[in-house]
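In case you want the letters, here they are:
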Amino acid sequence: MPRKKYLKYLKTILPLFLGVFFVYLSYLHSTPQERQALYENILEAKIGYVLLSVSFGVLSHASRAYRWKFLIEPLGHKLPFKLSFPAVMSGYLANLGVPRSGEVLRAATVASYKKIPFETSLGTIISERVADLIMLFLVVSFTFFLQSEQLIFLFNRFEINPFIGLLALAILISGGVLFLRIIKRTKNKWLSKLRDFGQGILLGMKSILRMEKRGWFLFHTIFIWAMYISMFFVMKYAIYGAEDIPANVIMLAFVVGSFAITLSNGGIGIYPIAIGSAMFLYGIPRETGEAFGWVLWGSQTLVNIILGSLSLFLLPIFQNKN
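From a predicted model like this one, the values you see are computed outputs, not experimental measurements. (Residues numbered from 1 in each chain as written. Predicted model: local features only at pLDDT ≥ 70, side-chain atom pairs only at ≥ 80, totals over all residues. Heavy atoms only, no water.)

1. Notes on a nonpolar patch on the surface
And then number 1: A surface patch of nonpolar side chains, amounting to about 360 Å² of accessible area, comprises Leu310, Phe313, Leu314 and Ile317.
And then number 2: Within the fold, Leu314 resides in helix α12 (residues 286-321). (Patch = residues over 30% accessible without salt bridge, like charges linked within 9 Å, V, L, I, M, F, W, Y side chains within 5 Å. Areas by Shrake-Rupley, 256 points an atom, 1.4 Å probe, with all protein chains shown as cover. Salt bridge = Lys/Arg side-chain N within 4 Å of Asp/Glu carboxyl O. Helix = DSSP H or I, 4+ residues; strand = E, 2+ residues; numbered from the N terminus.)

Here it is, written out as C-alpha cells:
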C-alpha cells in the first residue's frame, strides 16, 4: 500500500479507534446496574425536548450557511443559500468519515457549482473557523473563570490542551504568510503554483476585513454559538434525572464536549463519556450524564447524516437547473 494512502487510512481509523476505546473503558468501569440505567435513560428520553434541541442545531447550521455569503461577496461572487446550506451539511457528513475533510469538501462544492476558486473559498472557511475559535475562547474563558479547577482536571483526563490548537493555527498562518513572501518572485514552476495557491487562500481569508455587512456577520456568529449552548440547556429536560442540573455544570460540559468532539470521528464514543465525566464531578450519576451525552450526540449526528446525504443528492439537481 502506498505511503500516502496508508496515512489517509490511518487518519480515519485512529480517531475512530480512540472513540471505541473510550466506550470500552466506560463499559469496564461501570456496573451492570449502571449500564442498565444508562440504556433506560436513553430509551426513555422525552422526544419533544430532543426535537427542540435538534431544531436549535439545524438553525445553527442554517445560520452558518447564511453567514458564509458575507465572506464570499467581497470576492465578487454570489453564494445562494440553496447552495451554501447543502455544501455545509455535506461537509458535516464528510467529517464523520474523515476528520476535517468537510472544509475541503465545502470549498470544492462551491468551486464546482459556482466557479469560485477552490483556494479562495477555502480561505473564507478558514476565516470562519478563526471567528468560531474566538467565540470558543470567550466561552472557555468565561467557564474557566467560574470553574477553573474542574475544567483543568477534565482537560488533563482527556489530554486536551486548547492553547496548543490556537498556537498551532497562529504558527501555521504566520509561517504560510512568511513562506509566500520568501517565494514571492520565484520562477520555479512548482513553487509558483504553491505560491498562487497560498495567495488564493490569503485572499479568501482577507475577505473578513472587506465585508460591508460586518454587523450581520457578527450577529450570525453569536447566534450560531447561542444555538449550540441552547442545544445543551434544552437537552437536560429530555433526560430523566437531569432536569435540575445547574447552568454552571451545563457550561462546563459544553466546553469539555466542544473539545472532545474533535478527538474522534464526529466525537463518537469520546463525546458522551466526556459529558458524563464533567457532570459526575458535581455528583450527577454517570449514567445520567452519559445518557445526556449519547442522546445529544446521537440526535445531532443522525440529523447531520440525513441532511448531509440529502444534500449530496440535491447538489447535482441544483447544478442541472443552473
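We are not done yet, so read on.
2. A word on the packing of helix α4 (residues 81-97) against helix α5 (residues 101-114)
And then number 1: Where α4 meets α5, the closest approach of the two axes is 7 Å, and the angle between their N-to-C directions is 145°. Here the hand of the crossing between α4 and α5 comes out right-handed. Two secondary-structure elements touch here, α4 through Leu83, Ala87, Val88, Ser90, Gly91, Ala94 and Asn95 and α5 through Ser101, Gly102, Glu103, Leu105, Arg106, Thr109, Val110, Tyr113 and Lys114. (Axes fitted to C-alpha atoms, helices over the stretch in contact; angles between N-to-C directions. Left-handed = near helix turned anticlockwise from the far one by under 90°. Contact = heavy atoms within 4.5 Å.)

3. Describing the nonpolar core
And then number 1: The biggest cluster of nonpolar side chains holds 62 residues, and the ones touching the most others in it are Trp68, Phe232, Phe254, Met279 and Phe292.
And then number 2: Of all the secondary-structure elements, those providing two or more residues to this core are α3 (47-72), α4, α5, α6 (118-157), α9 (214-235), α10 (247-260), α11 (270-280) and α12.
And then number 3: Top element by residues in this core is α10. It accounts for ten residues.
And then number 4: Setting aside residues no more than four positions away along its own chain, Phe254 makes contact with Val139, Trp225, Tyr228, Ile229 and Phe232. (Core = buried A, V, L, I, M, F, W, Y, C linked by side-chain atoms within 4.5 Å. Buried < 20%, exposed > 50% of the residue type's maximum accessible area, 1.4 Å probe, protein only.)

4. Quick look at α4
And then number 1: An ideal rise of 1.5 Å per residue puts 24 Å on 17 residues; α4 measures up with 25 Å between its terminal C-alpha atoms.
And then number 2: The element α4 is largely enclosed, with a buried count of twelve among its 17 residues.
And then number 3: Within the sequence span of α4, burial applies to Leu83, Ser84, Phe85, Pro86, Ala87, Val88, Met89, Ser90, Gly91, Tyr92, Leu93 and Asn95. (Expected span 1.5 Å × (residues − 1).)

5. Remarks on the confidence of the model for the chain
And then number 1: Mean pLDDT over the chain works out to 78, with 70% of the residues at or above the 70 mark.
And then number 2: The element-level mean pLDDT for the chain is lowest in helix α1 (residues 3-28), coming to 50, with α3 highest at 94.
And then number 3: This model gives residues 6-12 a pLDDT under 50, and the stretch forms seven contacts once residues within four places in sequence are excluded. (pLDDT = per-residue confidence, 0-100.)

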